[in-house]
Amino acid sequence: MIGSQMHTMDTTASRPFKATPYWWDDCAFPGLPVVPLVPRCDVAIVGGGYAGLSAAIELARAGRSVQLFDRQPIGQAASGRNGGMASGSIRPSRKQLIRRFGQARADGILAEGKAAREDLAGFLEAERVECDFFLSGLFDGAINDRECDELSRHAELLHRFLGIETFAVPRNEVSRYIGTDFYAGGFVRMDIGGLHPAKLLSGILRVARSTDAVIHENTTVLGTSQEAAGVRVATSRGAVSAKKLLVCTDAYTDGFDPWLRRRLVPVRSRIIATEPLGEGVMDRLMPRKMMYGDTRQLSYYYRPSPDGSRILFGGRDGTTEGDPLAPTTHLRSELGRIFPELAGVGITHSWFGEVAMNRDMIPRMFTVGDMIYATGFCGSGVVWARWLGKKAAFKLLGQTEKAQSAFGVDPPPKAVPLYRGKPWFIPLVYSFYERRDKRAMRGRNESSKC
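Section: the nonpolar core
Ile45, Leu53, Leu120, Leu200 and Leu246 are the most contacted members of the largest nonpolar core, which totals 54 residues. Contributing elements (two or more residues each) for this core: strand S3 (40-46), helix H1 (50-61), strand S4 (66-69), helix H3 (103-126), helix H5 (197-209), strand S20 (371-375) and helix H9 (381-396). Looking at this core, the element that brings in the most residues is H9, giving nine residues. The residues touching Leu200, leaving out its near neighbours within four places in the chain, are Tyr50, Leu120, Leu124, Val129, Cys131, Leu195 and Val382. Core analysis: the second largest hydrophobic core is formed by 31 residues, Phe139, Val169, Val281 and Ala440 among them.

Things to note about the pairing of strand S19 (residues 364-368)
Where S19 meets S20, five bridges bridge the pair, whose relative direction is antiparallel. Its bridge partner being in S20, Met365 is matched across the sheet by Ala374. Between S19 and S20, which pair antiparallel in sequence order, lie two residues; one of them, Gly369, sits at a positive phi of approximately 65°.

Side note on the packing of aromatic side chains
Tallied over the full model, the rule gives 16 aromatic pairs. When the centroid spacing of 6.0 Å and the interplanar angle of 85° are considered together, the rings of Tyr302 and Phe339 count as edge-to-face. A residue pair is termed long-range when its members are at least 10 positions apart, and Tyr302 in strand S16 (residues 300-304) and Phe339 in the loop between helix H8 (326-338) and strand S18 (347-357) qualify at 37 residues. Phe339 carries the same exposure label as Tyr302, and that label is buried. For the ring pair Tyr419 and Phe425, a centre distance of 5.7 Å and an interplane angle of 70° mean the geometry is edge-to-face. Note on Tyr419: relative accessible area 0%, which makes it buried. Assessed through its relative accessible area of 13%, Phe425 is described here as buried. Of the aromatic side chains, those joined through ring pairs into one cluster are Phe139, Phe167, Tyr177, Phe182, Tyr183, Tyr292, Tyr300, Tyr302, Phe313 and Phe339. Over the ring of Phe101 we find Arg105; its NZ or CZ atom is 4.3 Å from the centre of that ring. Taking the ring centre of Phe123 as reference, the NZ or CZ of Arg386 above it sits at 4.6 Å.

What counts and what doesn't
Residues numbered from 1 in each chain as written. Predicted model: local features only at pLDDT ≥ 70, side-chain atom pairs only at ≥ 80, totals over all residues. Heavy atoms only, no water. Core = buried A, V, L, I, M, F, W, Y, C linked by side-chain atoms within 4.5 Å. Buried < 20%, exposed > 50% of the residue type's maximum accessible area, 1.4 Å probe, protein only. Helix = DSSP H or I, 4+ residues; strand = E, 2+ residues; numbered from the N terminus. Contact = heavy atoms within 4.5 Å. Pairing = 2+ DSSP bridges. Phe/Tyr/Trp six-rings, centres within 6.5 Å; stacked < 30°, edge-to-face > 60°. Lys NZ or Arg CZ within 6 Å of the ring centre and 35° of its normal.

This is a description of form; function is not addressed.
Structure follows, in structure tokens:
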């Protein structure tokens, strides 16, 4: 079960909040009709999120017979739960990418992010997907002088190399973009926007259902095995033979693929939604109505709701079981730390979903026998999941040029040592990151050059 469907009591405000995503209040996913399994198909897809559905669209439109399987109702996993920030961000810095892959590959990764964001915008227009998409721009806040300098260099690089409208923001201009004294400076990039993630998924699902792809929700894949004609896929409703298998389960990978499970670490990401804010509050706190983040290791991401009435504030959860109150309380505390006037604000929703990290810390596409994987989106699946789902489809179609990707040239990510599916080490990792953030906060300088 992904998050409690019960209402939980916000003890700090003596009000109940919903444990379901804010997005679901105005975007329901009606159950799909149950259709028979087709004994044989060209491609079987596991995972009904952005990646799997986007691949199904390309494959079916190219004339391939496709069956897609999801163990839950469509919309229950990360594609219907995320923050709706269309960033296509990469966790390693360019310096780290160059150190690991060389400059040409690092630059290719950054360039592909631009292409993926533009491709998403083009898809929304071409398919008439209404999902409250708005190219708002992103403000990323720096904690201290050193981080200000890094963001300034990054802004200059993006502008020079990719032609992106981006620039550093000194401390005395921060208030033009965000109403807080918390940051020492930051930078702005205008190629990033926000959208309603559940409506995006609903739109992709609509397009997929307009093709000949067969979609089976509430159908668990139990395991796979090689056979003469390709792959045999055992499901809770029977078996299917497919020439190829595409796996797009990301953080929701379960025991059907223990090999993949050892390579992907599910990490909880939680979001809270404030109650509607009073007149003028949003104009003070988020005057440009942008997407927001900062440079902390345990970073927080936040944004206005599409209607501009409230703030959605998210970050890593740190828990691995149940649905405890502590992570909600922590997020609310951090919201008040950035915006002191919101210290007592009411919370209407608090929910979590899983994002998948891997040892490479970049999105991945790779092939093992007759199986291809598009997965490991590292918390930026709004852009990367759809993009790599498409790339995987092109690879299956033999369209080599279209399938080329900076994320598909390596062998599979290595297994995580001593890990078999339960991320027991998450609290230790978070404790380490928390100590690093505290050191960064101690490095703040009121006379910042930023």
